[in-house]
Amino acid sequence: MKIQTYQNHIRFYPPHHFVYYPILTAFLIGSIYFACTEDEKLIWAFISVGFIFLFCLAFMLRQHYALTLQNRIVRLELRYRYFTLSGKRFEEFEYKLTDDQIFALRFAPDDELLPLVEDTLKNNLTGTAIKKAIVHWKADYNRV
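Everything numeric in this text was worked out from a predicted model, so none of it was measured.

Participant: A description of helix H5 (residues 110–123) should follow, citing residues and the corresponding values.
Facilitator: Here H5 is 14 residues long and its end C-alpha atoms lie 20 Å apart, about the 20 Å a rise of 1.5 Å per residue gives. Inspection of H5 places Glu112, Leu113, Leu116, Val117 and Thr120 among the buried residues, and these make up the whole buried set. Considering only its buried residues, H5 is in contact with helix H2 (41–86), helix H3 (91–94), helix H4 (99–105) and helix H6 (127–133). Taken from the residues just after H5, Asn124 is the one with a positive phi, measuring 50°.

Participant: Please give an account of the environment of Thr84 that cites residues and values.
Facilitator: Secondary-structure assignment places Thr84 in helix H2. We classify Thr84 as exposed; its relative accessible area is 52%. Residues Thr84 and Val49, 35 residues apart in the sequence, show an inter-C-alpha distance of 52 Å. One polar contact links the side chain of Thr84 to the main-chain carbonyl oxygen of Tyr80, over a distance of 2.8 Å.

Participant: Run through the nonpolar core, naming residues and quoting values.
Facilitator: Phe90, Leu105 and Val117 are the most contacted members of the largest nonpolar core, which totals 19 residues. Counting only elements with at least two residues in this core, the list comes to H2, H4 and H5. Here this core gets four residues from one element, more than from any other, and that element is H4. Apart from the residues lying within four places of it in its own chain, the contact partners of Phe90 are Leu78, Arg79, Tyr82, Leu97, Ile102 and Val117.

Participant: Give a detailed account of the packing of H2 against H5, specifying residues and quantitative values.
Facilitator: Two elements in contact, H2 and H5, have axes separated by 10 Å at closest approach and are oriented at 95°. Between H2 and H5, the angle falls in the class roughly perpendicular. Of H5, the residues touching H2 (which contributes Leu78, Arg81, Tyr82, Leu85 and Ser86) are Asp110, Leu113, Leu114 and Val117. Its residues assigned to classes, the contact of H2 with H5 shows six nonpolar, one polar and two charged.

Participant: Give me the lowdown on helix H1 (residues 14–37), citing residues and values where you can.
Facilitator: Between the first and last C-alpha of H1 there are 33 Å, a value that for 24 residues agrees with the 34 Å anticipated at 1.5 Å per step. Inspection of H1 places His16, Tyr21, Leu24, Leu28, Ser31 and Ala35 among the buried residues, and these make up the whole buried set. On its buried side, H1 packs onto H2.

Participant: Any chance you could break down the packing of aromatic side chains for me, citing the residues and the numbers?
Facilitator: Throughout the structure, instances matching the rule amount to 10 aromatic pairs. The interplanar angle of 80° and the centroid separation of 5.2 Å between the aromatic rings of Tyr82 and Phe93 together place this pair among those described as edge-to-face. Taken together, the residues span a long stretch of sequence, with Tyr82 in helix H2 and Phe93 in helix H3 at a distance of 11 residues. Under the relative-accessibility criterion, Tyr82 is labelled buried at 10%. A ring pair is formed by Phe90 and Phe93, whose centres lie 5.1 Å apart and whose planes are at 70°; its orientation type is edge-to-face. Each member of the aromatic cluster is reached from another via a ring pair, and the members are Tyr6, Phe107 and Trp137.

Participant: A description of the environment of Gly127 should follow, citing residues and the corresponding values.
Facilitator: Looking at the element boundaries, Gly127 is found in helix H6. Here the alpha-carbon distance between Gly127 and Arg62, two residues 65 residues apart in the chain, equals 23 Å. Excluding residues within four positions of it along the chain, Gly127 makes contact with Asp100, Gln101 and Ala104.

Each value, and the rule that gives it
Residues numbered from 1 in each chain as written. Predicted model: local features only at pLDDT ≥ 70, side-chain atom pairs only at ≥ 80, totals over all residues. Heavy atoms only, no water. Helix = DSSP H or I, 4+ residues; strand = E, 2+ residues; numbered from the N terminus. Expected span 1.5 Å × (residues − 1). Buried < 20%, exposed > 50% of the residue type's maximum accessible area, 1.4 Å probe, protein only. Contact = heavy atoms within 4.5 Å. Polar contact = N/O pair within 3.5 Å; in protein donor to acceptor, adjacent residues only side chain to side chain. Core = buried A, V, L, I, M, F, W, Y, C linked by side-chain atoms within 4.5 Å. Axes fitted to C-alpha atoms, helices over the stretch in contact; angles between N-to-C directions. Parallel < 35°, antiparallel > 145°, perpendicular 65-115°, else oblique. Nonpolar A, V, L, I, M, F, W, Y, C, P; charged D, E, K, R; others polar. Phe/Tyr/Trp six-rings, centres within 6.5 Å; stacked < 30°, edge-to-face > 60°.

Here it is, written out as structure tokens:
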């Protein structure tokens, strides 16, 4: 398995991103074309709206459940790691951090986590800045 870094940590699901969406996009473009050029404009407009609805629905459903669960797991993992390393509860100041910051901190290895948390709280680092500040990336190969 390839070593995960900031440059390659984005992940794709090929059947979804490179098959389903391109086919749906082609159908949508075709239906819009026919809606503009054919005599039956109203029917093709409704078909186009149907494809737009399918596109949005597929995207929302694919993302919503998996990301909600993943976000909870990442928070729990970070709380556990912080408590294990510092003996203090992460929840005491977790409300000061944005989701983006919390999710970026998960890539920090144990020896870099505490200083990065302190630096983030002090300097309000963005998620991207946190990721770029990580020297030894702690890969997460199991995320959605």
